[in-house]
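# Coordinate inspection notes
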Amino acid sequence: MANTTGESALDTGAVGAEIEDERRAEAVRGEPPFTEHPASGDRLAAALKDAVIAGLIALALAGPMVGLRTETAIGGLSLSQHWLPVAVIVAVVFLGRLLLNLFVWRTGGRTKPITATSFRLLPSGEQLEKWRWPGLVAAIAFTIVMPFLPFADRYWMDQAIVVLTYCMLGWGLNVVVGLAGLLDLGYVAFYAVGAYSFALLATNFDLGFWVCLPMAGILAAGWGLILGFPVLRLRGDYLAIVTLAFGEIIRVVIINWYDFTNGPDGISGIPRPTLFGIPFERGDDGFAAVFGLEYSSIQRIIFLYYIILVLALVTNFVTLRLRRLPVGRAWEALREDEIACRSLGINTTNTKLTAFATGAMFGGFAGSFFATRQGFISPESFTAIESFIILAVVVLGGLGSQLGIVIAVIFLNTAFEVLRGLDEYRMLIVGLMMVLIMVWRPRGLVSTRRPSVTLSGRAKAVRGELVGEGSG
Amino acid sequence: MNRWESDPILTVEHLTMRFGGLVAIDDLSFSVGRGDITAIIGPNGAGKTTVFNCVTGFYKPTEGRIAIALDKADAETLERLTAGGQRMSEDRNILLLDRMPDFEIARDARVARTFQNIRLFGGMTVLENLFVAQHNKLMLASNYTIGGIFGLSRYRKGQDDALGRARYWLEQIDLIDRADDPAADLPYGAQRRLEIARAMCTGPKLLCLDEPAAGLNPRESAELNTLLRFIRDEHGISVLLIEHDMGVVMEISDHIVVLDYGEKISDGAADFVRHDPKVIAAYLGVEDEEVETPAEQGASG
Amino acid sequence: MGHMEYFTQQLINGVTLGSIYGLIAIGYTMVYGIIGMINFAHGDIFMVGSFVGLIALVVLGVSAATPFFLLILALLVVIAIAMALTAVWGWTVERIAYRPLRGSFRLAPLITAIGMSITLQNFVQISQGARVKPVQPIITGGYSLMEKDGFVVQISNIQIIIVVLTVILMAGFTTLISKTSLGRAQRACEQDARMASLLGINVDRTISLTFVMGAALAAVAGVMFVLYYGVIDFYIGFLAGVKAFTAAVLGGIGSLPGAMLGGLLIGLIETFWSAYFSIEYKDVAAFSILVIALIFLPSGLLGRPEVEKV
């Protein structure tokens, strides 16, 4: 008797991590118990009051910054006044808040946190599981035939190349952040090392793309080890800021070491890749002539597309393979609990270093592809914002999820392209979107985790909220 | 002669651990007999977990020697190693734990441990937890990843072995049906058992358990006793445990070490410790019968 | 030119720069202390503060020709306006980017903060233009301390103002944190937000106020930056932010005097590095200090050491 009651009590207590998480979230959400909420009767009044306050805040924010624009004039600065945009901003905030209060947040009493609202826009883990193989085959088939589809003109091919490059970068960073749980804000440094290694090797020693590519990857991995070694004792945000600093150090060194890197002027004349020595050029030795085709510049673009497609697929498959190997499992275990790892005889320093080096190597490959595609590189391409965007792709996609990264990259790239006409408003909107998406789905778009090994053969995805986020 | 005197697997000598000005352990010496279940007991704050953390390398002791003899105790070699500043003997029989970092203690000295507040890999499945525990073996089988990437047969065999070992322990702890569930979804008692199984998958010679019965109901406690006896009798593993549950301690321990304020106050077989007036006075502070009540409950439950 | 004189001049410049970093660093250290996260948008809050200050200066028509007492009064008004409006910005950033994610996944607020940082930079770029904003010197004059071989060591009035103001604000805030109930609530939330909320402390409001105070101090730093350097643009927040964070870490995160001390050290290191080695690599010097400090002194100069719990 005592046993059964005891057991059930334990069982309910042990559904565990989830409840604990909720409780913690609840606790720090933090309105104290004595806060009063308006009765539903005077909801309109309360909503109005709230909207007026929001409008006033918007006025305080936008009034001076938008309304009074400083203009450079002779003998100092002068002001020009722009009150219409201010009025628009305030009106939008006031009305938006009012409408939200009246029609969306009408749960009365305590409003539900926006993160708790479940959206069914994205497929669940099980649905994903069902469509996994057919989806994968279809996606790969599509990417292979894409250059020959009717819509694939120069613009689309360029976009596809950009998307694949960022997928590759995202997948590379995913090893470090998503699997090993190490927060790296300086990933662009390895991208830069790869690009510069490639460019310098190719221009100074006259080596071809296929020779330089692995060397660039190895050099980037080496830098991953060098940078990784001293910082591995750090945790969380400290690691983030140190990696950010490393990224900046590399950029500043590239800018200032003029003799070696040509400084801010960058390196030009980087050789284009060749197909077994056949260049994509007009002329008798060129690809078109050799294969008896009419010369077209799109041939080179298509070739570049296939190179990055292969590189990206290799990155993806190697990462997926590594996840199922002891080293990948150790990365994930490290993310879950470092101390437990050490108690099981895992050398956590080496494990972290391999994660850093692997991620850096993929970044280096992507960098050399970038260099050969552009034919010109300069430090401007490797700013911290680039690191932020790659990290944002990984986090928005869902840590550890290869598919999520693809979705996030396509989404962000589409957003960039759609907003292209808006010029300077583009980054503003992208920044705001990053905020909104994270608030909407803090765990990213695909948050479930596939087990790396199963006994039953049917892998059930692990719910995102159970998966650790790493402390380092 | 007792086993902990004739053939100790672990000897702790003059262990002292200070945190700043606080002396957590003061000149503590004891040994763990090969094939024994040894319990460290003592009131809260007596320094039990600190001893554990020193033995498993998570803390570096301020002073003292901690040595493990994997096959046979050998005082002569031990002295030679101590004087020579080495970590382990050439045949890897004697290892000085106070000179080794934590992960090497788990890997080379084959000491496995569990934690007071369970530390499972919650977002990984039960089976994956047991695979991570076999990391070093699998790493070797995968030729440090290179062979694994290309799917060489050696790795496949290594993986099959790992699966076999995991399956074996899952059957022992009765979790075979939940092998593919996330570890964080398991009930509390099952999480405790899984942590022990995970430690066993590392292939240890000495198993250190930090309060394995904490939070278990009487039935689960009894099951734990059976599991620990099984580990000792069938696998010949020595067990060192910290425990508050006197039912577990008195019933299964071959040897009990009692700590109070970082010092040893009693050391001997269960019957000896149970009747040691020093233990009753300093640690229990209550009548003798009180000690036995939970023991009987545990046995009948 | 005497070495001693050159050194003294750099010392004065370094302390001035360090004071500005220190003021920004306090915002980082307080926010990190209370929610355990780097507020990546804080550097941009500083940038917004400098713009608000600039606008206020232009609106009030302050210039070097303004009579002395009027000038002092105007400066106080400018600082007050900048503090107030920037505080609203700080509050808004917390409300939008941090509060909805409280107690959630650790990386999410990091990304929202980066998003906020991008948003703020581009907002200012759009509303105020991308070009740098030069300001005519407003506070002029100073004192010559010593002279040798034609090299004059000078301390300018603006340098004096910056250092004095920083000392006053530091003293004020230290008192606020250690003596008032708000400070007590803050320290309670740092220790255990859940327990604090059970004891009736409004955790949300306490965290909001932390952001508000940090933003207000960053605004002062922003105004001082405008007056001292005479030129700002929408991008100054990033570098200043990273360096101020370095200062906070170097001093020991969570510690107010530590933030100030770290700020001074970073300012001095940067100034001396530029003066004696190379000005191009001054940022590398600051970042290297960060890396070295974190590796060898992870809890900072005045921070509490963290013990790993097993």
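Here the structure is a predicted model, which is why all the values come from computation and not from measurement. (Residues numbered from 1 in each chain as written. Chains lettered and ligands numbered in written order. Predicted model: local features only at pLDDT ≥ 70, side-chain atom pairs only at ≥ 80, totals over all residues.)

Let us look at the overall build of chain B. A tally of regular secondary structure across chain B gives 14 helices and 10 strands. Looking at chain B alone, contacts between residues at least 24 apart form 68% of all its contacts between residues at least 6 apart. (Helix = DSSP H or I, 4+ residues; strand = E, 2+ residues; numbered from the N terminus. Contact = placed C-beta atoms within 7 Å.)

So, on to the overall build of chain A. What chain A contains, in helices and strands, is 19 helices and four strands. The 472 residues of chain A split such that 45% are buried. Across chain A, every contact between residues at least 6 apart in sequence was considered, and the portion connecting residues at least 24 apart equals 74%. (Buried ≥ 20, exposed ≤ 12 C-beta atoms within 10 Å, placed from the backbone.)

Turning our attention to the sheet that holds strand 3 (residues 37–41) of chain B. Residue and element names in this part refer to chain B. Reading across from one edge, 6-7-8-3-9-10 is the order of the six strands in this open sheet, with mixed pairing throughout. With partners counted over all chains shown, the strands left at the sheet margins are strand 6 (111–113) and strand 10 (263–268), one partner each. On average, each strand axis in the sheet is tilted by 15 degrees relative to the strand beside it, whichever way the strands run. As defined by bridge partners, strand 6 adjoins strand 7 (residues 206–210) across three bridges and the pair is classed as parallel. The partner of Val111 across the bridge, within strand 7, is Leu206. Set on the sheet, helix 2 (residues 48–55) makes contact with strand 3, strand 6, strand 7, strand 8 (238–242) and strand 9 (255–260); between it and strand 7 the angle comes to about 145 degrees. Contacting strand 3, strand 7 and strand 8, helix 10 (residues 218–235) crosses the sheet at an angle of about 150 degrees to strand 8. (Pairing = 2+ DSSP bridges. Axes fitted to C-alpha atoms, helices over the stretch in contact; angles between N-to-C directions.)

Before going further, it helps to examine the packing of helix 1 (residues 3–35) of chain C against helix 10 (residues 256–276) of chain C. All names here are of chain C. Where helix 1 contacts helix 10, the two axes come as close as 6 Å, and the packing angle between them is 140 degrees. Classified by the angle between their axes, helix 1 and helix 10 sit oblique to one another. At the point where helix 1 passes helix 10, the crossing takes the right-handed sense. Its residues placed into classes, the contact of helix 1 with helix 10 shows 14 nonpolar, 12 polar and one charged. (Parallel < 35°, antiparallel > 145°, perpendicular 65-115°, else oblique. Left-handed = near helix turned anticlockwise from the far one by under 90°. Nonpolar A, V, L, I, M, F, W, Y, C, P; charged D, E, K, R; others polar.)

When the parts of a complex come together, some accessible area is lost, and that lost area is often used as the size of the interface. Looking at chain A, the domain boundaries give domain 1 (42–112) and domain 2 (125–466). Placing a centre on the C-alpha atoms of domain 1 of chain A and another on those of domain 2 of chain A gives a separation of 40 Å. (Domains from an automatic or database assignment.)

Below, the discussion takes up helix 7 (residues 154–179) of chain A. Helix length check: helix 7 of chain A, at 26 residues, gives a terminal C-alpha distance of 36 Å against a target of 38 Å (1.5 Å per residue), a fit within 8%. Along its length, helix 7 of chain A reaches its greatest deviation from straightness, about 40 degrees, at Leu173 of chain A. (Expected span 1.5 Å × (residues − 1). Bend = angle between axes of the 7 residues up to and from the residue.)

The next thing to look at is the pairing of strand 3 of chain B. All names here are of chain B. Counting buried positions over the five residues of strand 3 gives five, a clear majority of the element. By the alternation rule, side chains of strand 3 split into Ile37, Ala39 and Ile41 and Thr38 and Ile40, which are all buried. Of the strand pairs in this sheet, strand 3 and strand 8 are connected by four bridges, and their pairing is parallel. Looking at strand 8, one finds that Ile40 is bridged to Ile242. As paired strands, strand 3 and strand 9 are joined by four bridges and run parallel to one another. Of the residues in strand 9, the one forming a bridge with Ala39 is Ile256.

The next point concerns helix 6 (residues 132–145) of chain A. Relative to the 20 Å expected for 14 residues at 1.5 Å per residue, helix 6 of chain A spans 20 Å between its end C-alpha atoms, a close match to the ideal helical length. By the criterion of burial, helix 6 of chain A is predominantly exposed, with just zero of the 14 residues buried.

On the side of chain B, 38 residues touch chain A, which itself brings 42 residues to the contact. Those elements that provide at least two residues to the side of chain A that touches chain B are helix 1 (2–14), helix 13 (297–323), helix 14 (326–336) and helix 15 (338–343) of chain A. Considered class by class, the residues forming the side of chain A that touches chain B number 20 nonpolar, 12 polar and 10 charged.

Turning our eyes to something else, we now look at the environment of Glu243 of chain B. Among the structural elements, Glu243 of chain B can be located in the loop between strand 8 and helix 11 (246–252). If sequence neighbours within four positions are ignored, Glu243 of chain B has contacts with Ala39, Ile41, Glu211, Pro212, Ala213, Val248 and Val249 of chain B.

So, about the interface of chain C and chain A. In this assembly, 65 residues from chain C lie in contact with 60 residues from chain A. Elements represented by at least two residues in the side of chain C that touches chain A include exactly helix 2 (42–60), helix 3 (68–98), helix 4 (107–128), strand 1 (133–134), helix 7 (193–198), helix 8 (203–229), helix 9 (236–251) and helix 11 (282–296) of chain C. Tallying contributions element by element places helix 4 of chain C first for the side of chain C that touches chain A, with 16 residues. Residue classes in the side of chain C that touches chain A are distributed as 41 nonpolar, 16 polar and eight charged.

What follows concerns the packing of helix 14 of chain A against helix 16 (residues 348–374) of chain A. All names here are of chain A. Relative orientation of the contacting elements helix 14 and helix 16 amounts to 105 degrees, with a least axis distance of 10 Å. As judged from the angle between their axes, helix 14 and helix 16 are roughly perpendicular. Two secondary-structure elements touch here, helix 14 through Val327, Ala330, Trp331 and Leu334 and helix 16 through Thr348, Thr351, Lys352, Thr354 and Ala355. Taken together, the residues of the contact of helix 14 with helix 16 break down into five nonpolar, three polar and one charged.

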